[in-house]
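Results of the structural survey
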Number of protein chains: 12
Amino acid sequence: MDHIYKHIELTGSSTESSDQAIQNAIAKAATSVKYMQWFNVVDTRGNIEEGVVKYWQVTIKVGFRLKD
Amino acid sequence: MDHIYKHIELTGSSTESSDQAIQNAIAKAATSVKYMQWFNVVDTRGNIEEGVVKYWQVTIKVGFRLKD
Amino acid sequence: MDHIYKHIELTGSSTESSDQAIQNAIAKAATSVKYMQWFNVVDTRGNIEEGVVKYWQVTIKVGFRLKD
Amino acid sequence: MDHIYKHIELTGSSTESSDQAIQNAIAKAATSVKYMQWFNVVDTRGNIEEGVVKYWQVTIKVGFRLKD
Amino acid sequence: MDHIYKHIELTGSSTESSDQAIQNAIAKAATSVKYMQWFNVVDTRGNIEEGVVKYWQVTIKVGFRLKD
Amino acid sequence: MDHIYKHIELTGSSTESSDQAIQNAIAKAATSVKYMQWFNVVDTRGNIEEGVVKYWQVTIKVGFRLKD
Amino acid sequence: MDHIYKHIELTGSSTESSDQAIQNAIAKAATSVKYMQWFNVVDTRGNIEEGVVKYWQVTIKVGFRLKD
Amino acid sequence: MDHIYKHIELTGSSTESSDQAIQNAIAKAATSVKYMQWFNVVDTRGNIEEGVVKYWQVTIKVGFRLKD
Amino acid sequence: MDHIYKHIELTGSSTESSDQAIQNAIAKAATSVKYMQWFNVVDTRGNIEEGVVKYWQVTIKVGFRLKD
Amino acid sequence: MDHIYKHIELTGSSTESSDQAIQNAIAKAATSVKYMQWFNVVDTRGNIEEGVVKYWQVTIKVGFRLKD
Amino acid sequence: MDHIYKHIELTGSSTESSDQAIQNAIAKAATSVKYMQWFNVVDTRGNIEEGVVKYWQVTIKVGFRLKD
Amino acid sequence: MDHIYKHIELTGSSTESSDQAIQNAIAKAATSVKYMQWFNVVDTRGNIEEGVVKYWQVTIKVGFRLKD
């Protein structure tokens, strides 16, 4: 069968790590989007305060299957 | 008058051809989105099984006019 | 706290200027989207009629914060 | 001998397929340009009407040899 | 009917604004090219003299329909 | 289990269509590579002779799983 | 004679327009950099407050000649 | 002496982290490739199951020196 | 008020992780640059020795505010 | 005064060097185009025969001023 | 007949020139790869020692025909 | 030990060759920057006068190690 997928673009942030910023974005999206299947990283950024990274901010595209 | 358009990104799939994968994505979107006006191809991929393309998967951006 | 942002892609148009096309896209989006915080320009185009620009068309990504 | 080539950029359209849009652009160019030797695809787009692709529009670069 | 379009790349300049540099390029092209229909911005540059922008220079692609 | 994949880049050609050029590249690779799983299109080109496309040439990346 | 140029990357901001954001960046740089000769736009962004653009933010590269 | 290097492209996966996906790809390659000297990240992706990242998938290019 | 920002490009390295390579670059820059506000990742690389990553090397752009 | 420039894209070839391929393209263009002012390299390629480069092929954009 | 080509990516180095770095990569590849037909430049780099280029390093893709 | 590197972007020019334009940029930078280790080419351009290249202009990024 021919599935169709939609992509949304999200930016997650985390004070811990770049990987955790991705996990946070996906966890948040999971509260309203079903059938998420993959992500890919679009951009990795962050905020600096007093010479250290305060927030990791990672922009991802998330693909999810549309109901048939 | 100054129209405003929104873009959504979809991946359609087809066992037949890359063009048909695009048609399938648009046909699916048409069940919930009105005023679609154009698309452009972002990425063309596919799944391989036993040495042949099993699914063509084409990612497109679709632009549609927002109601004034 | 770790905020999450979503991006949407819009094309605004204007007969006046490229900056105004951006303003029009954002003003339209503001009627349905809350907490918009930034935009970035993806593409600047336009329609030509009788040797002058008739419509400026600017495609932007808009980022807005998702409710916690 | 050291040949020199020039490139032109064309957009062909077709109601049938993306491949045919390319063929149409090349056929049209052939009425005025000689010694065309290759093309490469720059962009694939299309117009949508009532939920189906009405026009396939493919932008190509065409290279042709300049007369020595 | 299946129209074919050709693209040309131009750089317009203006002492006033980046939008005016585009208008100047299109106005100049209009003296020799018919059926121009759209443009898109490729690059925005400028010359600086004594700490201010003296010339805005915008490179655009212009698409025009070839006679059938 | 954590699979590892390798990518190879191929250009297939066909006198018939761009899709068939992809199929030809994959069929050829299948004679020496096992466990091919996906491809993505890198570039679409072609040769022109007497105003028509003689060869469609599509460059793809093919991913295959390395034996554990 | 063979001049050598150095490039710096700046982001200017303005409440008025995208062109003015560029002018502001160059005016600021002119207080410490001599022999600036050109700029090119790298990115155009902005901050949104209450549905309108509050700050235009344009990132440019500026080239200046090194003293011989 | 003038060394020559070859590049291969690999996708590693890991349930733990994006860095570990890279380590897994390199460890696997080390079983058959000698003289690997550097890598660079081409793409970072992942699979999502039930609202969390199940597999991190990182595509890298690996450069290794060819024997003289 | 209209702030102006300057960007510098740095490569940090770390034997531990890609995130730590970023932290190291920022910590080093903080010894001579004030008002750093954000970074974005340009490139992620590394050195390989005996089949494992020895150094993570991440190139970032760092933006800092110029004194008014 | 506000000059307008047009760009053309050429591929020059040479059996000697990549620089000479550029010179050949410009020398050929000079026989029919006036007021050429700059070029930039788009792509550097070549043909290989019996393990050596037989032709260097460099694609350039050439900008020339349109008569006022 | 429909030929299939494979691409490999190599970095050649030379103390003499960027062109010679390409020649060295191709000469080395020719000792193990047959039917090489073209290359294109992916990246040009180099090592600096005491203020001069010590090694030119050019990364190329090389295409060769697979035996039918 | 974890070294940190900074990148600067320069454009060198030469009447002789594209390689010499790079050498000139590096020689100039060497009068004020220590510990330069590598460069990579960003852009190759040139000025044309009377149908020949008058100046080769090559933009490079240069990386140098920051003192520990």
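Within each chain, residue numbers correspond to sequence positions counted from 1 in written order. Written order determines the labels here, with chains lettered from A and ligands numbered from 1. Totals for whole chains, interfaces and linings use every residue, but because this is a predicted model, local features are given only for residues with pLDDT of at least 70 and side-chain atom pairs only at 80 or more, for both listing and counting. The side-chain quantities take in all heavy atoms of the structure and omit both hydrogens and water.

Moving on: helix H1 (residues 18–29) of chain F. Helix and strand labels come from DSSP, where a helix needs a run of H or I of at least four residues and a strand needs a run of E of at least two; each type is numbered from the N terminus. To estimate the expected span of a helix, count its residues, drop one, and scale the result by 1.5 Å. Spanning twelve residues, H1 of chain F covers 17 Å between terminal C-alpha atoms, matching the ideal 16 Å at 1.5 Å per step. Each polar contact in these results corresponds to two N or O atoms within 3.5 Å; when the atoms are within protein, one needs to be able to donate a hydrogen and the other to accept it, and residues that are neighboring in sequence are counted only if both atoms are side-chain atoms. Sitting at the head of H1 of chain F, Ser17 of chain F places a side-chain oxygen 3.0 Å from the backbone nitrogen of Gln20 of chain F.

A word on the relation of the copies chain I and chain A. In this comparison the copies share one frame, found by least squares on the C-alpha atoms of residues holding pLDDT of at least 70 in both. When chain I is fitted to chain A, the best match, at an RMSD of 0.0 Å, comes from turning it 120 degrees and sliding it 0.0 Å along the axis. What the superposition gives is, in effect, a three-fold axis relating one chain to the other.

A few words on the interface of chain I and chain A. Between chain I and chain A, the residue contacts involve 13 residues of the former and eleven residues of the latter. Here the buried area means the combined drop in accessible surface, using a 1.4 Å probe, for two parts upon being joined, counting both sides. Summed over the three residues of chain I that lose the most area to chain A, namely Asp19, Gln23 and Phe39 of chain I, the buried surface amounts to 46% of that side. Any carboxyl oxygen of Asp or Glu that lies within 4 Å of a side-chain nitrogen of Lys or Arg is treated as forming a salt bridge with it. Between the two partners, chain I and chain A, sit zero salt bridges. With six residues, the single largest contributor to the side of chain I that touches chain A is strand E2 (residues 36–49) of chain I. All amino acids are sorted into three groups, where Ala, Val, Leu, Ile, Met, Phe, Trp, Tyr, Cys and Pro are nonpolar, Asp, Glu, Lys and Arg are charged, and the leftover types, Gly among them, are polar. Grouping the constituent residues of the side of chain I that touches chain A by class yields nine nonpolar, three polar and one charged. What makes two residues a contact is simply this: any of their non-hydrogen atoms within 4.5 Å.

Moving on, we come to the confidence of the model for chain A. Residue-level pLDDT values for chain A average 95, and 99% of them are 70 or greater. ipTM for the predicted complex: 0.96, alongside a pTM of 0.96. Known as pLDDT, the predictor's confidence for each residue is given on a scale from 0 to 100.

Turning to the environment of Ile8 of chain K, a few remarks are in order. Turning to its location among the elements, Ile8 of chain K is positioned in strand E1 (residues 5–14). We classify Ile8 of chain K as buried; its relative accessible area is 11%. For the pair formed by Ile8 of chain K and Phe64 of chain K, sequence separation is 56 residues and the distance between their alpha carbons is 8.4 Å. Apart from the residues lying within four places of it in its own chain, the contact partners of Ile8 of chain K are Lys6 of chain H together with Val33, Ile60, Lys61, Val62 and Phe64 of chain K. For every residue, the accessible area (1.4 Å probe, protein chains only) is compared with the maximum for its type, and the residue is labelled buried under 20%, exposed over 50%, or partly exposed between those bounds.

This next bit is on the pairing of strand E2 (residues 36–49) of chain D. When DSSP finds two or more bridges between a pair of strands, those strands are recorded as paired. Bridge count for strand E2 (residues 36–49) of chain B against E2 of chain D is three bridges, and the pairing is antiparallel. Along E2 of chain D, the bridge assignment pairs Asn40 of chain B with Arg45 of chain D. Note: E2 of chain D against strand E3 (residues 52–65) of chain D, twelve bridges, orientation antiparallel. Residue pairing in the sheet places Thr44 of chain D in a bridge with Val58 of chain D of E3 of chain D. Hairpin connection of E2 of chain D to E3 of chain D: two residues between the antiparallel strands, including Glu50 of chain D at a positive phi of 50 degrees.

Turning next to the interface of chain K and chain H. Taken together, the contact pairs 13 residues of chain K with eleven residues of chain H. In this assembly, chain K packs against chain H so that about 1,000 Å² is buried in total across both faces, 49% of it on carbon and sulfur atoms. Where chain K meets chain H, there are one salt bridge. Counting across the chain K and chain H interface gives six residue pairs in polar contact (both at pLDDT 80 or more). Mapped onto the side of chain K that touches chain H, the elements with two or more residues apiece are E1, helix H1 (18–29) and strand E3 (52–65) of chain K. With seven residues, E1 of chain K is the largest single contributor of residues to the side of chain K that touches chain H. Partitioned by chemical class, the residues of the side of chain K that touches chain H number four nonpolar, seven polar and two charged.

Our focus in this paragraph is the side chain of Glu9 of chain E. Tracing the backbone through its elements, the reader meets Glu9 of chain E in strand E1 (residues 5–14). Relative accessible area serves as the criterion here: at 8%, Glu9 of chain E is assigned to the buried category. Looking at Glu9 of chain E, its side chain comes within polar contact range of the side chain of Lys61 of chain J, at 2.9 Å.

As a further point, take the pairing of strand E3 (residues 52–65) of chain E. Residues and elements named next belong to chain E. Of all 14 residues in E3, eleven are buried, a share of seventy percent or more. Taken together, the ten bridges between E1 and E3 define a ladder with antiparallel strand orientation. In the strand pairing of E3, Glu9 is matched with Lys61.

Now for the side chain of Gln57 of chain I. With respect to the helices and strands, Gln57 of chain I occurs in strand E3 (residues 52–65). A distance of 3.2 Å separates a polar atom in the side chain of Gln57 of chain I from a polar atom in the side chain of Asn47 of chain I.

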